[in-house]
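# Structural overview for review
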Amino acid sequence: MQSNSHFHEHKLRQQPADEWKLEQGLEPARLMLRNQSNVKINTESPEIAKSNSSELRAGKSDDEPEIIVEEERKGWKGYVEWEDYPEKKSNARQRFAQFKFPPPPEFQLEPLPETNPVLEGIRWKMWHRAIGGALANVPEESWKTVLKGGETSRNASPPRISNEDLFPRSSTLITIQCSGTRRIEQIVEYPGEGDEMINAPWAEGAIGTAKWTGVSLKKVIKYCGGLKEGGKHLELYGAETYFKGGECMNYVVSVPWSKVKANEVLLAWEMNEKPLPKIHGFPLRVVVMGYIGARSVKWLYRVKAIETPSRAPVQSREYLYFQQQAGKHNQLPTMGIQIQEMPVSSAIMTPWNKEVVVHNGQIEVSGWAYSGGGRWPERVEISADGGYVWYPIPLENLSAKHKFAWRTWSGSVPCDHEGWTELVVRCWDNSLNTQPMAVRHSWNWGLHVTSSCHRVKIYSVNASKYATRRRLEQFEERGESFMPITRPTEFLPMTMENYEKSWLAMEPRDVDD
Ligand SMILES: Nc1nc2c(c(=O)[nH]1)N[C@H]1C(S)=C(S)[C@@H](COP(=O)(O)O)O[C@H]1N2
Ligand SMILES: [Mo]
């Protein structure tokens, strides 16, 4: 081996300024890079202004149009058509190139902010403002709509498609699950940037079920005279502007004709027997039964028959399931499987992770279970010891079976333990598929499809034990808070008098010979 002791000595004498943090066990990944290669690596980011997008602008050319986007239709706030206007797209690209935007927020190595919304979409707002015109205030306006509870538009009329004479309407209970559901578990253990995740650090709540009313897309296609020759996939267009790599576009994905032919793609204008709320896609949205949420296009304005799955980025470059060893720096979109159906999964909704649970020897647990592709949960099991012993949830504690909906459940699981333990849930679907045991087993660079058994750490306080119960009563009697659990207690668990009594009753602590 080549000697480089001189180099080493020099290095050793210079203690890195952050070394004390390493000694305190603080995360080294946040602090430094250890480059053992012979590649020169840049770790300096250029200074970029933070807030006002006009400050970020480098320069403006004279022949540049002042306004490049106007509302496509009166009253359709935020609807800009991009796919039909290559020139407008090109203008937007040029406009974009004149701005410098800050990097995505770092939350994968640091805790999420406690704001609502958690990530306020600083860059999203800047992108809209940079394009300006009809888009300038869309994010702010949308957030106001969200705060108002997702109201429906007052002046817009229901879509013509809802005309009962043309198409028979149907209603189905359907679960829409984001493929990023529970990805926070992957982030916590293995931070690595997935495509979409900078906006979406989802936990177990990125899933929901509603009664959707509309018409099967198949019926509409039939009414229009069927598919044109060679049509194998249906491209679905959403009206809002989607930003990707400095380009403006509409939100576009596709579903195969076979899915449409099976009457499993609904064009919906009602959600839970009420007009579709704006945030859920008013006036018309797609609901693809048993597919990931990304295919259920909101604010639908066009359906196009095409020969291959859509080449639009949301279909071809995002929502991909990678092989575990395909890292961030050598992945290609062709290495990922386009995610359509979700595998079987489940989640514990209560108790919450890191909660202190005081119980009488049985812990009450509740949650959901779901399987994609028209499969449904048949059995839900809970473990209170990290996954060794499993207890089935009684069937009567599961909500009704539906082909395309989750089952919510609740039940109690015996727990003798005191202190930290792990509650785990797993589901078996009607094809007897079940879930991998650990996050590592479903981990992939894209941070989609976290289908491993959901694990919730809890601090068990078992009040069915006499001593524990007595102790809880003492906190109450003394007017002292039991929480936080990490606080050193001020009072002894035993009086000195009782200690002496016990001592006399016990064998001596030491041995004589
Ligand atoms: N037009 C449009 N449709 C869209 C999206 C979008 O960004 N734009 N997001 C998709 C994703 S990723 C999901 S998970 C669902 C979420 O549906 P919800 O907002 O009704 O909960 O909408 C899908 N439809
Ligand atoms: Mo999603």
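Residues numbered from 1 in each chain as written. Chains lettered and ligands numbered in written order. Predicted model: local features only at pLDDT ≥ 70, side-chain atom pairs only at ≥ 80, totals over all residues. Heavy atoms only, no water.

The protein chain carries the name Sulfite oxidase in an unreviewed UniProt entry, which gives Cylindrodendrum hubeiense as its organism. Regarding the protein chain, the relevant UniProt record gives this comment under Cofactor (unreviewed entry): "Mo-molybdopterin". (UniProt positions renumbered as here; feature names shortened; annotations may be inferred.)

### Brief notes about the overall build of the protein chain
Counting its secondary structure elements, the protein chain contains 13 helices and 18 strands. Relative to its full complement of 513 residues, the protein chain shows a buried share of 42%. Intrachain contacts of the protein chain at a sequence separation of at least 6 include 69% that bridge at least 24 residues. For the protein chain, the exposed surface amounts to about 29,800 Å²; the carbon and sulfur share of it is 52%. (Helix = DSSP H or I, 4+ residues; strand = E, 2+ residues; numbered from the N terminus. Buried < 20%, exposed > 50% of the residue type's maximum accessible area, 1.4 Å probe, protein only. Contact = heavy atoms within 4.5 Å. Areas by Shrake-Rupley, 256 points an atom, 1.4 Å probe, with all protein chains shown as cover.)

### Brief notes about the layout of surface pockets
What the second largest pocket holds in volume is close to 800 Å³. Contributing to the lining of the second largest pocket are 21 residues, with Ile 184, Glu 185, Val 188, Asn 353 and Arg 455 lying nearest its centre. For the lining of the second largest pocket, the secondary-structure elements that each account for two or more residues are helix 7 (183-189), helix 11 (439-442) and strand 18 (454-462). Grouping the amino acids of the lining of the second largest pocket by side-chain chemistry returns 10 nonpolar, three polar and eight charged. When we break the lining of the second largest pocket down by domain, the ones giving at least three residues each are domain 1 (54-338) and domain 2 (345-462). (1 Å grid on protein atoms, 1.4 Å probe; cavity = no way out; pocket = protein on both sides within 12 Å on 5 of 7 lines; lining within 4 Å. Points joined across faces, edges and corners; volume = space filled by probe spheres on them. Nonpolar A, V, L, I, M, F, W, Y, C, P; charged D, E, K, R; others polar. Domains from an automatic or database assignment.)

### Some details on the pairing of strand 2 (residues 207-216)
The element strand 2 is extensively covered by neighbouring structure, given that seven of its 10 residues are classed as buried. Strand direction decides the pairing type here: strand 1 (residues 170-177) and strand 2, joined by eight bridges, are antiparallel. Note that in strand 2 the partner of Ser 170 across the bridge is Gly 214. Inspection of the sheet shows strand 2 paired to strand 5 (residues 265-271) by five bridges, in the antiparallel sense. By the bridge assignment for strand 5, Val 215 is matched with Leu 267. (Pairing = 2+ DSSP bridges.)

### As for the site of ligand 1
In the vicinity of ligand 1 lie 15 residues, with Glu 240, His 280, Arg 285, Ser 296 and Lys 298 positioned nearest. At a separation of 3.0 Å, a nitrogen atom of ligand 1 approaches a polar backbone atom of Ser 296. Here ligand 1 loses 78% of its free accessible area of 540 Å² to cover by the protein chains. Each residue belonging to the shell around ligand 1 can be placed in one class, and the counts come to seven nonpolar, four polar and four charged. (Near = heavy atom within 4 Å. Polar contact = N/O pair within 3.5 Å; in protein donor to acceptor, adjacent residues only side chain to side chain.)

### Some thoughts on the side chain of His 233
You can see His 233 is positioned in strand 3 (residues 233-244). The residues touching His 233, leaving out its near neighbours within four places in the chain, are Val 255, Pro 256, Trp 257, Lys 304, Ala 305, Ile 306, Glu 307, Thr 308 and Pro 309.

### Things to note about unusual backbone geometry
Between Asn 116 and the following residue, Pro 117, the backbone shows a cis peptide bond with an omega angle of 0°. With respect to the element layout, Pro 117 can be found in the loop between helix 4 (86-97) and helix 5 (122-131). Look at the link from Met 483 to Pro 484: it is a cis peptide, with omega at -5°. Within the chain, Asn 263 stands out as a residue other than glycine whose phi angle is a positive 60°.

### Quick notes on the confidence of the model for the protein chain
In this model, the protein chain carries a mean pLDDT of 89, and residues with pLDDT of at least 70 account for 89%. Taken together, the stretch residues 49-54 has pLDDT below 50 and engages in 10 contacts with residues farther than four places along the chain or on a different chain. (pLDDT = per-residue confidence, 0-100.)

### Focus on the packing of aromatic side chains
A full pass over the atoms with the stated rule returns 19 aromatic pairs. Arranged with centres 6.4 Å apart and planes meeting at 20°, the rings of Trp 368 and Trp 406 form a pair that is stacked. Of this pair, Trp 368 sits in strand 13 (residues 362-370) while Trp 406 sits in the loop between strand 15 (391-392) and strand 16 (407-414), and the two are 38 residues apart along the sequence. An aromatic cluster of three or more residues is present, and its members are Phe 96, Phe 99, Phe 101, Trp 124, Trp 127 and Phe 243. Over the aromatic face of Tyr 237 sits the side chain of Arg 302, whose NZ or CZ is 5.0 Å from the ring centroid. Positioned above the aromatic ring of Tyr 190, the side-chain terminus of Arg 440 is 4.7 Å from the ring centre. (Phe/Tyr/Trp six-rings, centres within 6.5 Å; stacked < 30°, edge-to-face > 60°. Lys NZ or Arg CZ within 6 Å of the ring centre and 35° of its normal.)

### Structural notes on the sheet that holds strand 3
Ordered by their spatial adjacency, three strands build an open sheet running 4-3-8, and the pairing between neighbours is antiparallel. Of all strands in the sheet, those bounded by a partner on one side alone are strand 4 (247-256) and strand 8 (300-306). Within this sheet the neighbouring strands show an average axis-to-axis angle of 35°, counted without direction. Relative to strand 8, strand 3 runs antiparallel, the two being bridged by six bridges. Paired with His 233 across the strands is Ile 306, a residue of strand 8. (Axes fitted to C-alpha atoms, helices over the stretch in contact; angles between N-to-C directions.)

### A word on the pattern of salt bridges
Within this structure, the stated rule accounts for 21 salt bridges. For Arg 302, the salt bridge identified is with Asp 84, shortest N-O distance 2.7 Å. Of the two residues, Arg 302 is situated in strand 8 and Asp 84 in the loop between helix 3 (28-31) and helix 4; the sequence distance between them amounts to 218 residues. For Asp 429, the salt bridge is made with Arg 375, and the minimal N-O distance between the two is 3.7 Å. With Asp 429 in strand 17 (residues 419-429) and Arg 375 in the loop between strand 13 and strand 14 (377-383), the pair connects residues that are 54 residues apart, well separated along the chain. The buried category is assigned to Asp 429, whose relative accessible area is 0%. Overall, the relative accessible area of 21% leaves Arg 375 in the partly exposed class. (Salt bridge = Lys/Arg side-chain N within 4 Å of Asp/Glu carboxyl O.)

### Side note on the packing of helix 5 against helix 6 (residues 138-147)
At a minimum axis distance of 8 Å, the contact between helix 5 and helix 6 shows a crossing angle of 130°. By the criterion of interaxial angle, the relationship of helix 5 to helix 6 is oblique. Counting all contacts with helix 5, which are made through Trp 124, Lys 125, His 128 and Arg 129, the residues of helix 6 involved are Val 138, Pro 139 and Glu 140. Residue composition of the contact of helix 5 with helix 6, grouped by class: three nonpolar, one polar and three charged. (Parallel < 35°, antiparallel > 145°, perpendicular 65-115°, else oblique.)

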